[in-house]
Structures are given as structure tokens and as C-alpha cells.
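Spelled out, the chains give:
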Amino acid sequence: MNHTSHKSIGLMRPPLAELETKARWLALLLLAIGLHVFEASLPSLGPWFKPGLANLVTLLALVMMGPRAAITLALARVVVGSFFIGTLFTPTFMIAMAGGLTAALVMIAAWRWIPGISLVGISLLGALSHMLAQFVCVEALFIQQAALYYALPPLLILSCISGWINGALAEYICARLAHEKI
Amino acid sequence: MPSLNLDAPVRQSMFDALKGTWTDRLLLCLALISIFTAWFVIQAQIAAGPAMAEIYHGKTLLATYPLPKPGEAAISLQVEGDLGMSEIVIDEHGARIATSPCSSQRCVLSGAHSHAGDMIACVPNRILITLRGSAESKFDAIVE
């Protein structure tokens, strides 16, 4: 009897730690997609304003797994989320993609280079850049009018509030995860 | 660059976490100062003059209408966007999109707006209505 094939399959099994990392990333992605769909079904709180809970998961991915995981999670969340809400390649999709990716990049930059910042500050910058990127995207692609930006200041103030609260939530979640050694 | 560990800023409760660090507070202050400054500058620019509604499609300014005073006839117009015709109604309550060919209908659901700086945007149909001028000034005499 030749057991070589069985053995080689056994040897090719990826290490447990790698599988755990992938499983954790997928769990975060599923959570982000769920929150993305939930936020899309909320009644509109103003033009393009949402509480930003899906971006909170991007922040969690950043601190738990690093910048690459955060970027891929933001991308995958917007694409897969749009399958569920039926907005793939519509303006809503483009706006969400611009906001999600910009927020992820800004949060990575803040996390790397701003000394003394906590998740609260990172989330605040993420929320503000998310809102700005949405307006820039609309102005660049759909309605080329600077008048759009007149609506920005009150929405940015709401972003400050939601970003701050989401950052505190992220800190709390990270502290709990670290405490329970998950 | 901070390390990738989970326990970098460990806090005991949500209330503690809400306080943030001094860097966070400084960033918040800077953000709020910038936002309020921009807001006042924008308001100063657009609040002058009588209340007007400007209607755009993409890059083009299609029309500018004064908001009717109470008792005056409402203005109803059809505007062609990328998806089709949007019906815009401008009456004493402000400007609103009455019908739109877009699927989300968020522009229709947002209702009538009359304050300077308000806007109604239908991104799929690329229609934008902005309001400028103060509603009060329409009762004042305008001397040219």
C-alpha cells in the first residue's frame, strides 16, 4: 500500500495560526457586511450620513490584523454589501467605495504616524475623511457644483460625534478582546 | 509605528474610552474650529439677498427661481436628468422634488427645504437644488 498521497495531503494542511487569522478576518468581514446592510436599511439621517458602524469594523481589523487586512476588509465589505442591497456599480456603490477606502487609508496613516493618538482619534479622522471623500466623489463624478460643499459643515459635525463614539466603542471592544485573550 | 498588539490602549469602560487622549482632544478641537469657521464663511456668502432656489444638472445651472411668498402661485417644472424627468415644485414651503425616476427616492422623501444652505441632491439623476438667501429678506424692500 502506498500512503504517500495521504501523507502529502496531510503535510499541505496550512498551519493553525494562519487558519485562525483567516477565520478572524472572515468573521470581521461578515460583521462588517451585516452592519453595512443594516445601515443601508436605516431611515436616512441626512444626505449620505450614516452612523459609521461598518467603518468601526475596518478600525478593528486595522488594530487587530494590520493595514492590509483593513484595506481588503473595506473593499470586500463595500462590494459584497452591495450584492445584498442591490447597488453594485451604482452611484451609491461608488460613494460608499470612495468613503470606505479613504477612511481606511486615513486611519492607517493616523495609526502609523500620529503619536499619542488612541482609537478614538483615529476613528474621528476616519469619520471626517469618510464624509469628505463622499462629497468629493459626488462632485467629481456626478454633480460638478461647488455648491454641494455648502451642506458639508453640519454633516462634518455629526461625523465628529459618530466618529468619537465609534472610536470609544472600538477601544472598549479591543480592551475586552485583549482581556479575554481571544 | 505602534505594534500590532490588542492591548495597546486598554481601558476599563466605555466612559473611560470616551475621554480619549490629549492628542484625540486636540484633533477634535482643530476639526471643530475648522468646521465652524468654514460654516460661518459659507453662511455669510449664501445668506445674503432674497431666498432663491438654484437648479443644476451635472455641470449646468438650469434655472434660478425666487421662493414664492405666501399666497403666490407655486412653480412646477420638469427637469431632465440622466435617468429621466424629475418634477420640481417650488412653493411657499420651499423647494422639493415631487417625482424622480431614481430607484431610492431619497430626494423625494427628503421633502421641502427653504433655508439658505439647504440642498436636495438626486445623485443617480444628477440633479441638485440649492437654496440661498434668507427667507426673511423676501418681506423686506430690495432697493437697487
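Residues numbered from 1 in each chain as written. Chains lettered and ligands numbered in written order. Predicted model: local features only at pLDDT ≥ 70, side-chain atom pairs only at ≥ 80, totals over all residues. Heavy atoms only, no water.

Draft legend 1. Molecular detail of the overall build of chain B. The number of helices and strands found in chain B is three helices and seven strands. When the elements of chain B are put in sequence order from the N terminus, they spell out α-α-β-β-β-β-β-α-β-β. Residues counted as buried form 36% of the 144 residues belonging to chain B. Expressed as a percentage of contacts within chain B between residues at least 6 apart in sequence, the contacts between residues at least 24 apart total 41%. On chain B, roughly 8100 Å² of surface is accessible, and the fraction owed to carbon and sulfur atoms is 60%. (Helix = DSSP H or I, 4+ residues; strand = E, 2+ residues; numbered from the N terminus. Buried < 20%, exposed > 50% of the residue type's maximum accessible area, 1.4 Å probe, protein only. Contact = heavy atoms within 4.5 Å. Areas by Shrake-Rupley, 256 points an atom, 1.4 Å probe, with all protein chains shown as cover.)

Draft legend 2. Main features of the interface of chain A and chain B. On the side of chain B, 47 residues touch chain A, which itself brings 48 residues to the contact. Summing both partners gives a buried area of about 3900 Å² for chain A against chain B, and 73% of it is carried by carbon and sulfur. Put simply, chain A and chain B have zero salt bridges between them. Linking chain A with chain B are 11 residue pairs in polar contact (both at pLDDT 80 or more). Elements with a minimum of two residues in the side of chain A that touches chain B: helix H3 (53-65), helix H5 (91-113), helix H6 (119-141) and helix H7 (152-179) of chain A. Top element by residues in the side of chain A that touches chain B is H7 of chain A. It accounts for 14 residues. (Buried area = accessible area lost by both parts, 1.4 Å probe. Salt bridge = Lys/Arg side-chain N within 4 Å of Asp/Glu carboxyl O. Polar contact = N/O pair within 3.5 Å; in protein donor to acceptor, adjacent residues only side chain to side chain.)

Draft legend 3. Spatial organisation of the pairing of strand E6 (residues 119-122) of chain B. Residue and element names in this part refer to chain B. Two elements, E6 and strand E7 (residues 127-132), share four bridges in a ladder whose sense is antiparallel. Each residue of the ladder has a partner; that of Ala121, found in E7, is Leu128. If you look at the hairpin formed by E6 and E7, you'll find four residues sitting between the two strands, and Arg126 has a positive phi there, around 55°. (Pairing = 2+ DSSP bridges.)

Draft legend 4. Representation of the nonpolar core in the model. Ranked by internal contacts, the top residues of the largest apolar core, which has 62 residues, are Ile122 and Phe135 of chain A. For this core, the elements supplying multiple residues, two or more each, are helix H2 (16-41), H3, helix H4 (67-85), H5, H6 and H7 of chain A together with helix H2 (22-46) of chain B. No fewer than three residues from each of domain 1 (7-47) and domain 2 (52-132) of chain B sit in this core. Apart from the residues lying within four places of it in its own chain, the contact partners of Ile122 of chain A are Leu59, Met107, Ala110, Trp111 and Ile117 of chain A. Counting residues in hydrophobic clusters, the runner-up holds 17 residues, among them Leu67, Leu77, Val79 and Ile88 of chain B. (Core = buried A, V, L, I, M, F, W, Y, C linked by side-chain atoms within 4.5 Å. Domains from an automatic or database assignment.)

Draft legend 5. Looking closely at the side chain of Gln145 of chain A. Locating Gln145 of chain A in the fold gives a position in the loop between H6 and H7. Among the polar contacts listed, one links the side chain of Gln145 of chain A to the backbone oxygen of Gly58 of chain B, at a separation of 3.0 Å. Among all residues touching Gln145 of chain A, those that are not within four sequence positions of it are Glu139 of chain A together with Tyr56, Gly58, Lys59, Thr60 and Leu128 of chain B.

Draft legend 6. Expanded view of the sheet that holds strand E2 (residues 60-66) of chain B. Residues and elements named next belong to chain B. Reading across from one edge, E2-E1-E7-E6 is the order of the four strands in this open sheet, with antiparallel pairing throughout. Where the open sheet ends on each side, the last strands, each with one partner, are E2 and E6. Between one strand axis and the next, the sheet turns through 15° on average, direction left out of account. Relative to E2, strand E1 (residues 52-57) runs antiparallel, the two being bridged by six bridges. Of the residues in E2, the one forming a bridge with Ala53 is Tyr65. (Axes fitted to C-alpha atoms, helices over the stretch in contact; angles between N-to-C directions.)

Draft legend 7. Main features of the packing of H7 of chain A against H2 of chain B. Two elements in contact, H7 of chain A and H2 of chain B, have axes separated by 9 Å at closest approach and are oriented at 165°. Between H7 of chain A and H2 of chain B, the angle is such that the two are roughly antiparallel. In the crossing of H7 of chain A with H2 of chain B, the sense of the turn from one axis to the other is left-handed. Where H7 of chain A abuts H2 of chain B, its residues Pro153, Pro154, Leu156, Ile157, Cys160 and Trp164 of chain A lie against Asp24, Arg25, Leu28, Ala31, Leu32, Ile35, Phe36, Trp39 and Ile42 of chain B. Across the contact of H7 of chain A with H2 of chain B, the residue classes tally to 13 nonpolar, no polar and two charged. (Parallel < 35°, antiparallel > 145°, perpendicular 65-115°, else oblique. Left-handed = near helix turned anticlockwise from the far one by under 90°. Nonpolar A, V, L, I, M, F, W, Y, C, P; charged D, E, K, R; others polar.)

Draft legend 8. Layout of the domain arrangement of chain B. Per the domain assignment, the segments of chain B are domain 1 (7-47) and domain 2 (52-132). Centre-to-centre separation of domain 1 of chain B and domain 2 of chain B, based on C-alpha positions: 33 Å.

Draft legend 9. How the structure looks around the packing of aromatic side chains. Residue and element names in this part refer to chain B. Under the criterion given, the structure shown has three aromatic pairs over all chains. Between Phe36 and Trp39, the aromatic rings sit 6.0 Å apart at their centres with planes inclined by 20°, giving stacked as the arrangement. Pair noted here: Phe36 and Trp39 are both in helix H2, with a separation of three residues, about one helical turn. Note on Phe36: relative accessible area 36%, which makes it partly exposed. Sitting over the ring of Trp22, Arg25 keeps its end group 4.6 Å from the ring centre. (Phe/Tyr/Trp six-rings, centres within 6.5 Å; stacked < 30°, edge-to-face > 60°. Lys NZ or Arg CZ within 6 Å of the ring centre and 35° of its normal.)

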